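Residue-level listing of the chains:
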Amino acid sequence: MPTSELLRINTFLSAFARRQAARVVDLPGGFAVYDDAYAHSYTNNQVFIDAAVDPEAVPALAEEALGRLSHRMVSVLDDETGAACAEPLIRAGYTHSVYLFMRHEGPVPPGGPAEAVDLDAIRVPHTRQWRDLLPDSDDEVLRQLVDRREVRHRGADVVHFIGSRTEEGEVASWADLYVDPTAGIAQIEDLATSGAHLRRGHADAVLTTALRLAADEGCGTRFLIAEAADWPRHWYERRGFSVIARSHGFERS
């Protein structure tokens, strides 16, 4: 992909993380974000590497920035830098994941039957989903993992929660849409479907609605992030998304 477009995407991601955070501390090669209201959320309390850095220095950098927390999370936006950071961070006890930036390159669909919803509409199914994923977690952890979604409204100029409802009115599938109309960039994030409503077209409804809303905002760059080792990347490819770049994530509990 053009280097300029990847730079715009990385700038968007860095800006979103900074705007969403309750507190930001600049670091060599990046920055740390914090939100004490969601102390159990890795994504709200982590280190971002978005510039040149000495890979061997990153473990100590993360330790200094996140030492008071029970977890460590480091996101490296540049593929080459992330690959270089892998060995020193793995030596320090981190697990390593590769993420794919996937850009929508197919025709924009006319839209779907999903709609913009508020957090209350997805709180029950979202909590149920987290309880299935983290059965040993207490209620406070689950509450934070759900409610942290609310502060995402700070991250971009336009933020929508998109939901597809069942005939009974329950939200069966949902996702976030973050839009910067000035830059012409939109990100679709955290697309999920309740286990009881899988394979009924709800995720497609959410995705097509999000793509249409993004296009209507004038966003020629529409992208999402998928785990390289997980199956959804193939589902997205069948719906017009192509891999354009990679980033790296590192975690330690």
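Check the entry above for the structure.
Going along each chain's sequence as written, the residues are numbered from 1 onward. pLDDT decides what is reported in this predicted model: residues at 70 or higher carry local features, side-chain atom pairs at 80 or more are listed and counted, and totals for whole chains, interfaces and linings draw on all residues regardless. The side-chain quantities take in all heavy atoms of the structure and omit both hydrogens and water.

> So what's going on with the overall build of the protein chain? Residues and values would help.
The helix and strand labels rest on DSSP assignments: H or I over at least four residues marks a helix, E over at least two residues marks a strand, and numbering proceeds from the N terminus. Looking only at helices and strands, one finds seven helices and eleven strands in the protein chain. Its C-alpha radius of gyration of 18 Å places the protein chain within 12% of the 18 Å reference for a compact globule of 253 residues. Seen through its principal axes, the protein chain has C-alpha atoms that stretch 50 × 45 × 30 Å. Here the protein chain holds 253 residues, and 48% of them are scored as buried. Our radius of gyration is a C-alpha quantity, and the globule rule it is checked against amounts to 2.2 Å times the number of residues to the power 0.38. Whether a residue is buried, partly exposed or exposed follows from its accessible area with a 1.4 Å probe, protein chains only, as a fraction of its type maximum: under 20%, in between, or over 50%, in that order.

> Could you give an account of the sheet that holds strand E5 (residues 95-104), with specific residues and numbers?
By way of backbone hydrogen bonds, the strands of a sheet pair with one another, either parallel or antiparallel. Here we have eleven strands laid out as an open sheet, ordered E1-E2-E3-E4-E11-E5-E10-E9-E8-E7-E6, and mixed in their pairing. Taken across any chain shown, the strands that pair with only one partner, and hence form the sheet edges, are strand E1 (23-27) and strand E6 (115-117). On average, each strand axis in the sheet is inclined to that of its neighbour by 30 degrees, with strand direction left out of account. Contacts are assigned to residue pairs with any non-hydrogen atoms lying within 4.5 Å of each other. The axes are straight lines fitted to the C-alpha atoms, using for helices just the contacting stretch, and the angles between their N-to-C directions are given from 0 to 180°. Helix H3 (residues 79-91) rests against strand E3 (46-49), strand E4 (72-76), E5 and strand E11 (241-252) of the sheet, and its axis sits at about 25 degrees to E11. Lying over the sheet, helix H4 (residues 119-133) contacts E6, strand E7 (158-165), strand E8 (171-180) and strand E9 (185-193), oriented at roughly 115 degrees with respect to E8. When DSSP finds at least two bridges between two strands, those strands are taken to pair.

> Give a detailed account of the packing of aromatic side chains, specifying residues and quantitative values.
Each pair of aromatic rings taken from Phe, Tyr and Trp, with Trp reduced to its six-membered ring, is defined by centres within 6.5 Å and is described as stacked if the planes are under 30 degrees apart, edge-to-face if over 60, and tilted in the remaining cases. One pass over the full model with this rule turns up seven aromatic pairs. Measuring from centroid to centroid gives 6.5 Å for Phe 12 and Phe 16, while their planes differ by 40 degrees, and the two rings are tilted. Linking Phe 12 with Phe 16, this pair stays in helix H1 (residues 3-20), spanning four residues, or about one helical turn. The class of Phe 12 is buried, set by a relative accessible area of 8%. Take Phe 16: its relative accessible area is 8%, and that puts it in the buried class. Ring plane angle 85 degrees and centroid distance 6.1 Å describe the contact between Phe 12 and Phe 223, whose orientation is recorded as edge-to-face. Within this pair, whereas Phe 12 is found in helix H1, its partner Phe 223 is found in strand E10 (residues 221-227), the two being separated by 211 residues in sequence. Geometry around Phe 31 places Arg 18 over its ring, the cationic atom sitting 4.1 Å from the centre. Note on geometry: a ring has a charge over it if NZ (lysine) or CZ (arginine) is within 6 Å of the ring centre and within 35 degrees of the ring normal.

> Now, about the nonpolar core: what can you tell me, with residues and values included?
The term nonpolar core refers to a set of buried residues drawn from Ala, Val, Leu, Ile, Met, Phe, Trp, Tyr and Cys, joined through side-chain atoms within 4.5 Å. If you look at the biggest cluster of nonpolar residues, it comprises 25 residues, and the most contacted ones within it are Ile 9, Phe 12, Leu 13, Phe 101, Ile 122, Tyr 178 and Phe 223. Of all the elements in the fold, those that place two or more residues in this core are H1, H4, helix H5 (139-147), E7, E8, E9 and E11. Setting aside its immediate chain neighbours within four residues, Ile 122 contacts Val 117, Arg 149, Val 171 and Trp 174. Counting 23 residues, the second-largest nonpolar core is a separate cluster that includes Ala 114, Ala 210, Ala 214 and Leu 224.

> Got a sec to walk through helix H2 (residues 58-66)? Specific residues and values, please.
By the burial criterion, the buried members of H2 are Val 58, Pro 59, Leu 61, Ala 62, Ala 65 and Leu 66. The arc that holds the buried residues of H2, viewed along the axis, is 160 degrees, so those residues lie on one side. Structural note: H2 exposes Ala 60 and Glu 64 on the side pointing more than 90 degrees away from its buried face. On its buried face, H2 sits against E1, strand E2 (30-34), E3, E4 and H3. As used here, the arc belongs to the directions running from the helix axis to the C-beta atoms.

> Can you lay out the packing of H4 against H5 for me, pointing to particular residues and giving the numbers?
Two numbers describe how H4 lies on H5: the axes approach to 9 Å, and their chain directions differ by 130 degrees. Taken together, the axes of H4 and H5 lie oblique to each other. The element H4 and its partner H5 pack so that their crossing is right-handed. Of H5, the residues touching H4 (which contributes Leu 119, Arg 123, His 126, Thr 127, Trp 130 and Arg 131) are Asp 139, Leu 142, Leu 145, Val 146 and Asp 147. For this scheme, ten residues count as nonpolar: Ala, Val, Leu, Ile, Met, Phe, Trp, Tyr, Cys and Pro. Four count as charged, namely Asp, Glu, Lys and Arg, and the remainder, Gly too, count as polar. Taken together, the residues of the contact of H4 with H5 sort by class into five nonpolar, two polar and four charged. Roughly parallel covers angles under 35 degrees, roughly antiparallel covers those over 145, roughly perpendicular covers 65 to 115, and oblique covers all other angles. Each crossing gets its hand from how the near helix is turned against the far one by less than a right angle, where anticlockwise is left-handed and clockwise is right-handed.

> Give me the lowdown on unusual backbone geometry, citing residues and values where you can.
As a rule of thumb, non-glycine residues mostly have phi less than zero, and peptide bonds are mostly trans rather than cis. Positive phi values are uncommon outside glycine, yet Asp 190 reaches one of about 60 degrees. Its place among the elements puts Asp 190 in strand E9. Look at Asp 190 and you get partly exposed, because its relative accessible area is 32%. In the Ramachandran plot, Arg 199 falls in the positive-phi region, its phi being about 60 degrees despite a non-glycine side chain. Along the chain, Arg 199 turns up in the loop between E9 and helix H6 (202-216).

> Summarise H4; cite the residues concerned and give the values.
By this rule the span expected of a helix is its residue count minus one, scaled by 1.5 Å. With 15 residues, H4 extends 20 Å from end C-alpha to end C-alpha; this agrees with the ideal 21 Å at 1.5 Å per step. Fitting axes to the seven residues ending at a residue and to the seven starting there, one defines the bend at that residue as the angle between these axes. At Pro 125, H4 shows its largest kink, close to 30 degrees. Those residues of H4 that fall on the buried side of the exposure criterion are Leu 119, Ile 122, Pro 125, His 126 and Trp 130. Of the surrounding secondary structure, the elements contacted by the buried residues of H4 are E6, H5, E7 and E8.

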